[in-house]
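Coordinate inspection notes
Each chain is listed here by its residues.
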Amino acid sequence: MSDQTQTEKENLVMEHLVSLTYRERLTPNLNRFVDELLEGRLVGHKCPSCGRVYLPSKGYCPMCVVATSAEDEVEVPDTGTVTGFTIVTPVAYYGQQETEPFVFASVLLDGADTPLNGQDVTGLPHDQLRTGLRVKAKWKPKDQRSAEGISNRGWGSMGTVVDSFEATGEPDASEELFKDHIF
Amino acid sequence: MAANDRGATDIAIVGFAQSQSVRDAAPSEVQLLVPVVADAITAAGIERSDIGFTCAGSCDYLTGGPFAFVSNLEAAGAWPPISESHVEADGAWAMYEAWMRLQEGDIDVALAFGSGKSSPSNPAEVWAQQLDPYYLAPLGVDPVSLAGIQAQALIDAGKATERDFATVVADSRRNAKSNPNAQLSGDYDVDALLAEPYYRRPLRKHDVPPISDAAVAVIMARGDKARELCERPAWIRGMDHRIEAHQPGLRDITSSASTTLAARKAGYDGGPLDVVELSSTFSPQEIILKNAIGLGAGVNVNPSGGPLAANPIMAVGLIRIVEAASRIIDGTANRALAHATSGPLLQQNLVCLLEGE
Amino acid sequence: MNERCAIVGVGQTHFKKRRDDVSIAGLLREAIDRALADAELTLRDIDAVVIGKAPDAFEGIVMPEIFLADAVGATNKPLLRVHTAGSVGGSTLVVGAHHVITGIHGTVLTVAWEKQSEGNAQWGLAGGRSGGIGAGGAFAPWMRAYIQQSGAPDYIGWMVAVKDRRNAAKNPYAHLKMPDITLEKVKESPMLWDPIRFHESCPSSDGACAAIVTNEEGAKRAPRPPAWIHGLSVRSELGQFPGRNPVRPQAGVECAHDVYRQAGITDPRSQIDMAELYVPFSWYEPMWLEGHDIAGPGEGWKMVDTGETDLGGAFPVNPSGGVLSTNAIGASGMVRFAEAAQQVRGLAGEHQVDGVRTALAQAYGGAAQYFAMGVLRNTPPE
């Protein structure tokens with residue numbers, strides 16, 4: 001990129017790399033979620049006020065702004081519906097390991113009110129991916145599961161426990177059934 | 001024109017809540033905020049839908065994630081949509097913005113909150129990254145060492161002694177005994193404190209604040225609404241904040257010119273104060289701030305224990321205001337001054353003047 | 001009694017991929033000095049400073065306004081830092097204006113910036129992890145949903161990209177200037193996040209924007225026409241919840257209706273002469289036209305299709321080239337307000353729309369959940 005203000009002499013660039021270490025325990029609610037997840041169970045919280053089911057739970061219902069606790073735990077099945085997706089062409093940046101286009105889908109588990117974002121969907125070519133597609137979790141073998149990819153930050157996924165959500169071959173779900181739970 | 005010359009006198013704190021400051025809170029920052037915001041709303045006797053404007057204060061770098069503040073919106077009750085803003089600053093500055101917004105007169109109630117968990121990181125590492133990235137940060141100087149330089153300068157200028165620092169600490173810990181939200185409290189002998197080893201000479205470990213996690217929220221209301229909601233509202237007589245040069249070498253670090261200016265602009269005229277709450281992060285700063293504001297001997301400073309007893313960064317400044325307001329609302333004080341700070345060595349300072357009737 | 005408030009000085013830097021000819025402080029001063037020159041003021045005339053930028057992690061400095069205090073002329077003054085994600089430039093101007101409207105201060109400098117080349121925004125957006133999807137990946141599903149719901153043909157996105165890049169060629173400060181861009185070139189550019197192609201996506205820029213807001217007295221003293229503020233509003237909503245409509249977020253609808261009400265606008269499409277809308281990906285132009293009730297449901301893309309949003313159209317959108325051509329994230333929201341101000345002042349230069357009396361400025365951020373909007377006019381409020 002040419003720069004009109006640039007003189008013949010190259011500007012000096014100072015590298016100032018900073019490393020900060022953050023250590024934190026998983027929140028009590030996420031900790032419970034992980035314990036169950038490693039056993040192959042999907043456990044969220046049902047808001048005692050409005051009844052909405054959040055998975056994983058953040059420890060509160062953001063709609064009612066009330067705290068939820070272990071008393072509000074509910075298990076949901078590992079089957080669900082694709083409610084939205086995109087195919088991401090990865091951008092290179094420090095720490096990026098993805099090089100090939102990958103699926104970034106939202107999967108609404110049956111009985112949950114908010115979808116799991118950023119899930120991989122397998123069992124069909126990318127160009128056949130669609131909303132309404134029925135999927136089921138493809139779990140890693142028990143001895144290969146870890147909680148490594150899960151953090152309080154919300155950027156983690158279940159990728160270290162569930163490989164992907166695989167198309168089941170069932171008929172697509174009607175949009176009526178999930179239209180209020182897409183995002 | 002000073003802020004207290006017009007409408008400002010018509011706005012009061014009518015409710016508040018804070019979480020207990022702890023060294024390492026297990027819940028997330030939002031989880032700390034959810035009950036605190038709910039309790040402040042309950043304390044003010046309002047419905048969430050009565051709130052006309054909300055302002056939040058937090059710092060992404062404490063959490064260690066960009067856009068961390070977005071999650072905090074979930075504690076504000078942002079559905080249906082709300083009129084809301086966020087400052088990358090202590091909750092005291094969020095309160096300033098909300099107080100300003102209330103003065104437009106089209107809304108009656110505003111919510112401000114501040115929150116932070118310092119526990120996941122090493123604050124001395126994180127806050128070193130607040131320094132000028134070209135000229136200061138590469139030197140590897142950290143905020144605690146800077147505070148040591150300030151303390152030494154204060155001694156060299158003949159303005160304080162190490163015994164004065166230890167006295168501040170002993171007072172803080174003793175006062176904190178009656179504060180259920182404080183982290184460090186107890187009876188300490190000044191001579192025993194002085195016998196402790198140096199940490200950053202002339203500072204000892206107890207001259208440095210603890211690492212704390214907490215959240216705080218405040219509800220303000222305007223005019224008749226405030227009188228209706230609260231028997232004895234804490235009227236905000238003035239609020240102002242000022243910043244000065246960043247590079248500590250460009251300032252007289254044994255005084256705080258921006259605090260002096262902010263106090264004057266907030267309307268403090270040197271009259272008697274029943275309570276003063278100062279964000280004196282390091283013990284020598286209490287001496288600097290008292291001088292800067294012009295507080296005489298015998299003024300009740302940091303009855304809560306102050307930041308030396310609990311220092312939840314991004315909440316600690318607003319907690320000072322809440323501690324001052326609480327004493328007006330409960331009738332034990334009639335005139336109070338609260339202070340918040342930001343930047344290295346008291347670079348930026350906010351002063352809030354509160355009164356009963 | 002609230003004060004009338006106007007923008008009397010506007011300054012932008014030249015936006016580029018890398019501005020390594022200036023420090024961060026130098027970048028801000030470039031915008032500030034232009035704004036002061038426009039208003040024929042000096043830093044001594046400024047009572048308070050409000051700074052906005054997107055996440056600190058983009059440059060790796062904690063609360064950078066603290067070290068910038070001297071450079072922006074804030075010493076001994078109030079300095080407030082706003083951060084409301086991508087909408088922050090707009091929110092910063094709104095907060096600055098509140099200082100003036102309430103009479104707390106007479107003249108306030110607002111400045112918003114980002115120097116993305118000094119850090120790594122993609123790393124920042126990904127939270128330092130692999131598998132980052134960028135902002136485009138987050139918004140792509142909603143754009144797909146819009147296309148599906150509205151039945152818009154795929155070339156609408158390409159048309160927006162061509163229009164904005166050609167407009168940018170007339171804007172001396174814009175980053176990407178592509179006077180020769182064609183629908184074919186957009187269509188043939190690589191797919192980044194289906195349905196968004198490379199040329200339908202915003203660049204990553206270094207730059208700053210400053211605007212000076214003042215009261216009626218200040219506006220009377222101003223050497224050039226002021227841009228009067230007739231309405232300002234901010235709205236926020238949760239980013240994800242059951243029943244959310246992210247294609248037409250309710251916060252955006254309410255924010256728009258709030259500024260229309262303040263400005264006495266009942267039919268935005270006919271009563272507003274032009275708009276600067278935050279469009280980082282092409283499809284957001286029709287989405288905001290509908291999301292702010294300028295166009296009816298399913299009608300936004302038709303305004304694009306018929307050329308109504310072109311520079312010479314009946315409702316020009318982003319004559320500056322918009323965020324699609326220039327995106328120093330924190331600055332982008334303020335650029336919308338600054339460009340709208342220049343239009344009502346008649347100072348927009350080569351991309352001036354004829355006869356603008358009323359302009360709309362909009363910024364959004366987060367998961368399309370933060371909104372800051374304003375209505376500006378060339379005449380003072382009643």
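Remember, predicted model here, so these are calculated numbers, not experimental data.

A tally of helices and strands in chain B yields 12 helices and 11 strands. For chain B, whose C-alpha radius of gyration is 19 Å, the value lies close to the compact-globule estimate of 21 Å for 357 residues. Here the C-alpha coordinates of chain B stretch approximately 55 × 45 × 40 Å along the principal axes. Taken across its 357 residues, chain B has 68% of its residues classed as buried. Contacts in chain B between residues at least 24 apart in sequence constitute 79% of all its contacts with a sequence separation of at least 6.

Secondary structure summary: chain A contains two helices and 11 strands in total. In sequence order, chain A lays out its α and β elements as α-β-β-β-β-β-β-β-β-β-β-β-α. Taken along its principal axes, the extent of the C-alpha atoms in chain A is 65 × 40 × 40 Å. Residue burial in chain A is summarised as follows: out of 183 residues, 36% are buried.

Let us look at the interface of chain B and chain C. In this complex, chain B contributes 53 residues to the contact, which on the side of chain C involves 47 residues. For the side of chain B that touches chain C, the secondary structure elements donating two or more residues are α2 (60-63), α3 (68-76), β3 (84-87), α4 (91-102), α5 (123-128), β8 (234-243) and α10 (257-265) of chain B. Residues of the side of chain B that touches chain C, tallied by class, amount to 26 nonpolar, 15 polar and 12 charged.

Turning our eyes to something else, we now look at the domain arrangement of chain A. Many analyses report the size of an interface as the accessible area lost when the parts associate. Residues and elements named next belong to chain A. Here the domain parsing of chain A yields domain 1 (25-76) and domain 2 (77-183). Between the C-alpha centres of domain 1 and domain 2 there is a distance of 19 Å. Taken together, the contact pairs 14 residues of domain 1 with 15 residues of domain 2. Looking at the side of domain 1 that touches domain 2, the elements with two or more residues in it are α1 (28-38), β1 (42-46) and β2 (53-54). If one sorts the elements of the side of domain 1 that touches domain 2 by residue count, α1 sits on top with four residues.

Here we take up the pairing of β1(A). Residue and element names in this part refer to chain A. With respect to burial, β1 is a largely interior element, five of its five residues being buried. Of the pairings in the sheet, the one linking β1 to strand β5 (residues 73-76) comprises four bridges and is antiparallel in character. Each bridged residue has a counterpart across the sheet, and for Gly44 the counterpart in β5 is Val74. Pairing analysis gives two bridges linking β1 to β2, with the strands arranged antiparallel. Paired with Lys46 across the bridge in β2 is Val53. Taking the residues that link successive antiparallel strands as the turn, the β1-β2 hairpin has six residues, and the phi of Gly51 there is positive, at about 85°.

Turning next to the confidence of the model for chain B. All names here are of chain B. Chain-level statistics for chain B give a pLDDT mean of 95 and a share of 97% at 70 or above. Here residues 1-8 is modelled with pLDDT under 50, and outside its nearest four sequence neighbours on either side it reaches 21 contacts, counting other chains as well. The ipTM assigned to the predicted complex is 0.97, against a pTM of 0.95.

All names here are of chain C. In this model, helix α1 (residues 24-39) (16 residues) spans 23 Å end to end at C-alpha, consistent with the 22 Å of a helix rising 1.5 Å per residue. Those residues of α1 not exposed but buried are Ile24, Leu27, Leu28, Arg29, Glu30, Ala31, Ile32, Ala35, Leu36, Asp38 and Ala39. Packing partners of the buried residues in α1 comprise β1 (5-12), α2 (65-68), β4 (107-115) and β7 (206-215). Taken from the residues just after α1, Glu40 is the one with a positive phi, measuring 50°.

For the rest of this paragraph, the subject is the packing of helix α7 (residues 162-176) of chain B against helix α11 (residues 283-293) of chain B. Residues and elements named next belong to chain B. The geometry of α7 relative to α11 is characterised by a closest axis approach of 8 Å and an angle of 95° between their N-to-C directions. By the angle between their axes, α7 is roughly perpendicular relative to α11. In this structure, α7 contributes Asp164, Phe165, Val168 and Val169 to the contact, and α11 contributes Ser283, Pro284, Glu286 and Ile287. Taken together, the residues of the contact of α7 with α11 sort by class into five nonpolar, one polar and two charged.

Moving on: the packing of α10(B) against α11(B). Residue and element names in this part refer to chain B. It is at 8 Å that the axes of α10 and α11 come closest, and there the two elements cross at 45°. When the interaxial angle is binned, α10 and α11 end up oblique. Here α10 and α11 pass one another in a crossing that is right-handed. Contacts between α10 and α11 involve Thr259, Thr260 and Ala263 from the former and Leu289, Ala292 and Ile293 from the latter.

Spatially, three strands are ordered β2-β1-β5 (chain A) in an open sheet, and the strand pairing comes out antiparallel. Two strands bound the open sheet, and with one partner strand each, they are β2 and β5 of chain A.

All right, on to the environment of Gln348(B) then. Turning to its location among the elements, Gln348(B) is positioned in strand β11 (residues 348-355). Classification of Gln348(B) by C-beta neighbours within 10 Å gives buried; the count is 29. Distance from Gln348(B) to Thr259(B), taken between C-alpha atoms, is 7.8 Å for residues 89 residues apart in sequence. Setting aside its immediate chain neighbours within four residues, Gln348(B) contacts His241(B), Ile243(B), Ser258(B), Thr341(B), Ser342(B), Gly343(B), Ile66(C) and Leu79(C).

Attention now goes to the environment of Ile272(C). Residue and element names in this part refer to chain C. Among the structural elements, Ile272 can be located in the loop between α10 (268-271) and β9 (274-276). Judged by the 22 C-beta atoms lying within 10 Å of it, Ile272 falls in the buried class. Each residue touching Ile272, except ones within four places of it in the same chain, is listed here: Ile265, Thr358, Ala359 and Leu360.

What follows covers unusual backbone geometry. In this chain, Leu55(A) is followed by Pro56(A) through a cis amide linkage whose omega measures -10°. Structurally, the position occupied by Pro56(A) is in the loop between β2 and β3 (60-61). Cis rather than trans, the peptide bond between Trp79(B) and Pro80(B) has omega equal to -5°. For Pro80(B), the position within the fold is in the loop between α3 and β3. The backbone of Leu346(B) shows a phi angle near 60°, a positive value even though the residue is not glycine. Here Leu346(B) is to be found in the loop between β10 (335-342) and β11. Phi is positive for Glu40(C), close to 50°, though the residue is something other than glycine. Relative to the helices and strands, Glu40(C) is located in the loop between α1 and β2 (48-52).

A word on helix α3 (residues 88-101) of chain C. Residue and element names in this part refer to chain C. In a regular helix each residue adds 1.5 Å, so 14 residues correspond to 20 Å; α3 covers 19 Å between its end C-alpha atoms and thus fits that length. Most of α3 sits inside the fold, with 14 of its 14 residues counted as buried. With its phi angle positive at about 80°, Gly103 sits one or two positions after the end of α3.

Before going further, it helps to examine the pairing of strand β6 (residues 79-88) of chain A. Look at any regular strand and the pattern is simple: side chains alternate between the two faces of the sheet. All names here are of chain A. Of all 10 residues that make up β6, eight are buried, and the element is covered over most of its length. By the bridge criterion, three bridges tie β6 to strand β10 (residues 134-139) in an arrangement that is antiparallel. Residue pairing across strands places Gly80 opposite Val135, the latter belonging to β10. In this sheet, strand β7 (residues 102-109) lies alongside β6 in antiparallel orientation, the contact comprising eight bridges.

Cut-offs used in this document
- Residues numbered from 1 in each chain as written.
- Chains lettered and ligands numbered in written order.
- Predicted model: local features only at pLDDT ≥ 70, side-chain atom pairs only at ≥ 80, totals over all residues.
- Helix = DSSP H or I, 4+ residues; strand = E, 2+ residues; numbered from the N terminus.
- Rg over C-alpha atoms; globule rule 2.2 N^0.38 Å.
- Buried ≥ 20, exposed ≤ 12 C-beta atoms within 10 Å, placed from the backbone.
- Contact = placed C-beta atoms within 7 Å.
- Nonpolar A, V, L, I, M, F, W, Y, C, P; charged D, E, K, R; others polar.
- Domains from an automatic or database assignment.
- Pairing = 2+ DSSP bridges.
- pLDDT = per-residue confidence, 0-100.
- Expected span 1.5 Å × (residues − 1).
- Axes fitted to C-alpha atoms, helices over the stretch in contact; angles between N-to-C directions.
- Parallel < 35°, antiparallel > 145°, perpendicular 65-115°, else oblique.
- Left-handed = near helix turned anticlockwise from the far one by under 90°.

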